[in-house]
Amino acid sequence: MADTGHATTTEQTDVGSYFVANYPPFSLWTPEAVETDAKPALAQPPADVPLGLYLHIPFCRKRCHFCYFRVYTDKNASEVADYLDVVGREWELYATQPAIAGRALRFIYFGGGTPSFLSVRQLKSLVDRLSAVTPWTDAEEITFECEPGTLTEPKLSQIRDMGITRLSLGVEHFDDHVLELNGRAHRSAEVFRAYDFAQSLHFPQVNIDLIAGMLGDTDEKWHAAVAQTIELSPDSVTIYQMELPYNTTISSDLLKGTGQFTETVANWSTKRRWVREAFDALEAAGYTVGSAYTAVKNPETTRFLYRDQLWQGADLAPLGVSSFGHINGVHMQNQDSWGPYAAAVRRGEIPLSRAFRPTEEERLIRELVLQLKRGSVRPAYFSGKYGVDIVDRFGPALASLRTDGYLMACDADQVALTREGLLRVDSLLPRFFLPEHTDLRYT
Ligand SMILES: C[S@@+](CC[C@H](N)C(=O)[O-])C[C@H]1O[C@@H](n2cnc3c(N)ncnc32)[C@H](O)[C@@H]1O
Ligand code: SF4
C-alpha cells in the first residue's frame with residue numbers, strides 16, 4: 001500500500017507508545033510475580049543459553065523533550081558515585097544467584113540515560129568493580145551509548161580501553177536548530193569532533209542514532225542529515241521514528257494543552273517516508289538494511305549481538321534503576337526510581353519491582369514478533385525450537401498482511417515483509433498477539 005503523505009487522524013503522532021519492545025505487554029507484569037516467579041528463577045541453575053548484562057546509567061546533561069527513559073539531570077558527583085557503588089553491589093548480589101554464578105558474559109550493553117556522562121575516573125572505578133566480579137574480556141560485544149557532547153579525547157580513550165566494541169552515538173540530527181528545539185544538549189560541531197576522536201581510536205564498530213520526525217524537521221533538513229551521516233560513513237545507522245509515550249515533555253505539553261512547543265512532530269506517513277528515503281540513500285551508498293531501524297555498511301562483519309540474542313530468548317541480567325532483564329524464562333524489571341532501587345540493593349536484595357513468566361506459546365509469539373523486526377524469519381527456526389509451524393499457526397495474521405500488501409514471501413523457507421511492511425512493523429505486530437493482549441498498553 002502506498003502512503004499518500006497526507007495526514008489523517010490516525011496518522012497523526014498522538015501521545016502513546018508505538019515501539020513493541022517486548023511481549024506480553026508490560027502492563028501484565030506484576031509485583032507478585034517477583035516472589036512467585038522471578039526469585040525462584042534466579043535460584044535455579046541456568047538453562048543452556050547465552051548470558052548478557054544490561055547496565056543502566058540514568059544521568060544526562062539535559063532531558064530531551066522527546067525522551068521517555070528514566071533519567072536524572074540533577075545529580076551531583078557524590079550522588080553519581082553512590083549510584084555506581086549500588087550498581088557494583090547489585091552485580092555482586094547477582095553473582096551469588098545460582099542462575100548467574102560462574103557464568104561467562106557473552107555480551108554487555110551500557111545504556112541510558114547517558115553512559116558517557118560518567119567521568120574517566122568514574123568509568124575506571126565502575127569497570128574495576130564489575131570486572132572483579134565477572135571478567136568481561138571474553139565478551140563478544142560490549143556496546144556503550146554516548147551523547148556526543150559528553151565525549152572528550154581522554155574519555156573516549158578510556159572507553160576504548162574498557163574493551164568497548166560497539167560505540168553508539170546519539171546524534172539524532174545534524175541541524176542545530178532542530179537539536180535545540182528538541183532540547184538536545186549537543187550541537188553538530190560536537191558530533192564532528194567526537195566522531196573524529198572515535199575514528200582515530202579504531203573502535204570495531206561505530207553506530208549513529210538518528211530520529212525521523214523531531215520537532216522542526218523538514219524534508220530538506222532530514223535529507224541533509226541523512227547525506228551528512230553517509231558522508232561520515234559509520235559502520236551502522238539506527239533510525240527511530242519519533243514516538244511520544246506518555247512520559248515525555250512533549251506528550252505532557254500536548255495533553256495539558258500548555259502550548260510550550262510551537263512546532264509539531266511529523267505524522268506517521270511522513271516519518272515512514274523519511275525512513276524509506278533514508279534507507280534508499282543508504283542502500284545507494286552500499287549499506288544493507290538489516291532491520292526496521294538499522295542499516296549496516298558490512299553485514300558480514302557488523303553484527304548486533306545484544307539485539308539478536310535478546311530477540312532469541314537469551315538471558316539478560318538487568319543492573320541499575322528501571323532496567324529490564326530476562327532470566328530462566330522470566331521477564332523482570334528493577335525498581336524504577338532511585339530511592340527504592342538503592343534501598344533494596346543496600347538491604348542485600350535484588351531490586352526487582354515487577355515480573356512476568358510467559359507461557360511457551362507467549363515465548364514463541366515474543367520471538368516471532370521481535371524477529372519480524374529484522375524483516376524476515378525462518379519457519380525452520382520455530383519448528384526446531386517450539387515444534388510449531390508458524391505459517392500454519394499464524395495463518396490468519398499472515399493472510400491479513402498479504403491482503404494489505406505487507407508480505408513479500410510466506411513459505412517453508414521464509415516469512416518476509418515488504419519494505420512497506422518493515423517500515424510500519426511495530427503497528428503490525430499486534431496481529432500476532434493472543435486476542436486478550438491486543439488492546440493492552442505496552443508500558
Ligand atoms: C539512551 S538514548 C542514546 C544515548 C544518549 N542518551 C543520547 O540520547 O545521545 C537511546 C536512543 O533512543 C532514541 N529515542 C529516545 N527517545 C525517543 C523517542 N521519543 N522516539 C524515538 N526514539 C527515541 C534516540 O535515538 C536515542 O539515541
Ligand atoms: S534521549 Fe538520551 S540524552 Fe536525551 S534525555 Fe534521553 S537518554 Fe538523555
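Computed from a prediction, not measured in an experiment: that's the story for all the values here. (Residues numbered from 1 in each chain as written. Chains lettered and ligands numbered in written order. Predicted model: local features only at pLDDT ≥ 70, side-chain atom pairs only at ≥ 80, totals over all residues.)

A.B. asks: Looking at this model, I keep getting lost on the overall build of the protein. Mind explaining?
C.D. replies: In terms of helices and strands, the protein carries 17 helices and 15 strands. Based on the C-alpha atoms only, the size of the protein along its principal axes is roughly 55 × 55 × 50 Å. Considering the protein as a whole, with its 443 residues, one finds that 44% of them fall into the buried category. Sequence separation of at least 24 residues holds for 75% of the intrachain contacts in the protein that already meet a minimum separation of 6. (Helix = DSSP H or I, 4+ residues; strand = E, 2+ residues; numbered from the N terminus. Buried ≥ 20, exposed ≤ 12 C-beta atoms within 10 Å, placed from the backbone. Contact = placed C-beta atoms within 7 Å.)

A.B. asks: Help me understand the site of ligand 2 in this model?
C.D. replies: Neighbouring ligand 2 are the residues Cys60, Arg63, Cys64, Cys67, Phe69, Val71, Gly112, Gly113, Thr114, Glu147 and Gly170. Tallied by class, the residues present in the shell around ligand 2 amount to five nonpolar, four polar and two charged. (Near = placed C-beta within 6 Å. Nonpolar A, V, L, I, M, F, W, Y, C, P; charged D, E, K, R; others polar.)

A.B. asks: What should I look at first to understand the domain arrangement of the protein in this one?
C.D. replies: The parts lose accessible area when they come together, and the size of an interface is often stated as this lost area. Taken domain by domain, the protein holds domain 1 (26-309) and domain 2 (359-443). For domain 1 and domain 2, the distance between their C-alpha centroids amounts to 26 Å. Counting residues at the interface gives 10 residues for domain 1, matched by 12 residues for domain 2. Considered class by class, the residues forming the side of domain 1 that touches domain 2 number five nonpolar, three polar and two charged. (Domains from an automatic or database assignment.)

A.B. asks: Mind showing me how you'd approach the environment of histidine 186 here?
C.D. replies: When you line up the elements, histidine 186 lands in the loop between helix H5 (176-181) and helix H6 (188-200). For histidine 186, a count of 23 C-beta atoms within 10 Å puts it in the buried group. C-alpha of histidine 186 to C-alpha of lysine 62: the two residues are 124 residues apart in sequence and 9.5 Å apart in space. Non-local contacts of histidine 186, meaning those with residues more than four positions away in its chain, are made with Glu147, Pro148, Gly149, Leu179 and Val191.

A.B. asks: Help me out: how do you make sense of the sheet that holds strand E13 (residues 376-377) in this one?
C.D. replies: Pairing between the strands of a sheet is mediated by backbone hydrogen bonds and can be parallel or antiparallel. The three strands lie next to each other as E13-E15-E14, forming an open sheet whose pairing is antiparallel. Two strands in the sheet have a free side with no partner beyond their single neighbour: E13 and strand E14 (407-410). (Pairing = 2+ DSSP bridges.)

A.B. asks: Would you take a moment to explain the confidence of the model for the protein for this structure?
C.D. replies: Should pLDDT be low for a region, the predicted coordinates there are not to be read in detail. Taken over all residues, the pLDDT of the protein has a mean of 95, while the share at 70 or more is 97%. Contacts of residues 1-9 to residues separated by more than four positions or lying in other chains number 12 contacts, the stretch itself having pLDDT below 50. (pLDDT = per-residue confidence, 0-100.)

A.B. asks: Teacher, can you tell me more about the site of ligand 1 here?
C.D. replies: For ligand 1, the set of nearby residues contains 19 residues, the closest of which are Glu145, Glu147, Gly170, Asp209 and Tyr240. Listed by contribution, the elements that provide at least two residues to the shell around ligand 1 are strand E2 (107-112), strand E4 (166-172) and strand E5 (205-212). Here the shell around ligand 1 is built from residues that sort into eight nonpolar, six polar and five charged.

A.B. asks: So what exactly am I meant to see when it comes to the nonpolar core here?
C.D. replies: In summary, soluble globular proteins display a tendency toward joint burial of nonpolar side chains. The biggest cluster of nonpolar side chains holds 120 residues, and the ones touching the most others in it are Ala38, Ala355 and Leu368. Here this core gets six residues from one element, more than from any other, and that element is helix H12 (residues 360-372). Discounting chain neighbours no more than four positions away, the residues touching alanine 355 are Trp29, Ala33, Val34, Asp37, Ala38, Val330, His331 and Met332. (Core = buried A, V, L, I, M, F, W, Y, C linked by C-beta atoms within 7 Å.)

A.B. asks: I'm lost on the environment of valine 415 in this one. Help?
C.D. replies: Among the secondary structure elements, valine 415 is positioned in strand E15 (residues 415-417). For valine 415, a count of 24 C-beta atoms within 10 Å gives the class buried. Separated by 189 residues in the primary sequence, valine 415 and valine 226 have C-alpha atoms spaced 30 Å apart. Those residues in contact with valine 415 that sit more than four places away from it in its chain are Ser376, Val377, Pro379, Ile390, Val391, Leu398, Ala409 and Cys410.

A.B. asks: Explain H12 here, please?
C.D. replies: Turn by turn, an α-helix covers 3.6 residues, leaving residues three or four places apart pointing in a common direction. The first and last C-alpha atoms of H12 sit 18 Å apart over 13 residues, in line with the 18 Å expected at 1.5 Å per residue. All of the buried residues in H12 are Leu364, Ile365, Arg366, Glu367, Leu368, Val369, Leu370 and Leu372. Of the surrounding secondary structure, the elements contacted by the buried residues of H12 are helix H10 (305-311), E13, helix H13 (379-386), helix H14 (390-393), E15 and helix H17 (425-428). (Expected span 1.5 Å × (residues − 1).)

A.B. asks: Help me understand the pairing of strand E12 (residues 352-356), please; the structure alone is not making it clear to me.
C.D. replies: Strand residues, when the strand is regular, have side chains that alternate between the two faces of the sheet. With five of five residues buried, E12 lies mostly within the body of the structure. Where strand E11 (residues 330-334) lies against E12, four bridges are found, and the strand directions are antiparallel. In the strand pairing of E12, histidine 331 is matched with phenylalanine 356.

A.B. asks: Honestly, the environment of methionine 242 in this entry has me stumped. Any pointers?
C.D. replies: Structurally, methionine 242 can be placed in the loop between strand E6 (236-241) and helix H8 (249-256). Considering only alpha carbons, one finds methionine 242 and lysine 271, 29 residues apart in sequence, at a separation of 7.7 Å. Contacts of methionine 242, omitting those with residues within four sequence positions, involve Thr13, Phe66, Ile211, Ala212, Gly213, Met214, Val265 and Lys271.

A.B. asks: It is not clear to me how unusual backbone geometry should be interpreted in this structure. Could you clarify?
C.D. replies: Leaving glycine out, the prevailing phi sign among residues is negative, and the prevailing peptide bond configuration is trans. For the bond running from tyrosine 23 to proline 24, omega is -10°, close enough to zero to count as cis. In this model, histidine 202 sits at a positive phi of 55°, which is unusual for a non-glycine residue. Mapped onto the elements of the fold, histidine 202 is located in the loop between H6 and E5. Of note, the phi angle at serine 233 is positive, near 60°, even though the residue is not glycine. Along the polypeptide, serine 233 turns up in the loop between helix H7 (219-232) and E6.

A.B. asks: Would you mind going over the packing of helix H2 (residues 77-94) against helix H11 (residues 338-346) with me for this structure?
C.D. replies: For any two helices packed against each other, one specifies the crossing angle of their axes together with the interaxial distance. H11 packs onto H2 with a crossing angle of 50° between their chain directions and a minimal axis gap of 9 Å. Here H2 lies oblique to H11, going by the angle between them. In the crossing of H2 with H11, the sense of the turn from one axis to the other is left-handed. Two secondary-structure elements touch here, H2 through Val86, Arg89, Glu90 and Leu93 and H11 through Ala342, Val345 and Arg346. (Axes fitted to C-alpha atoms, helices over the stretch in contact; angles between N-to-C directions. Parallel < 35°, antiparallel > 145°, perpendicular 65-115°, else oblique. Left-handed = near helix turned anticlockwise from the far one by under 90°.)

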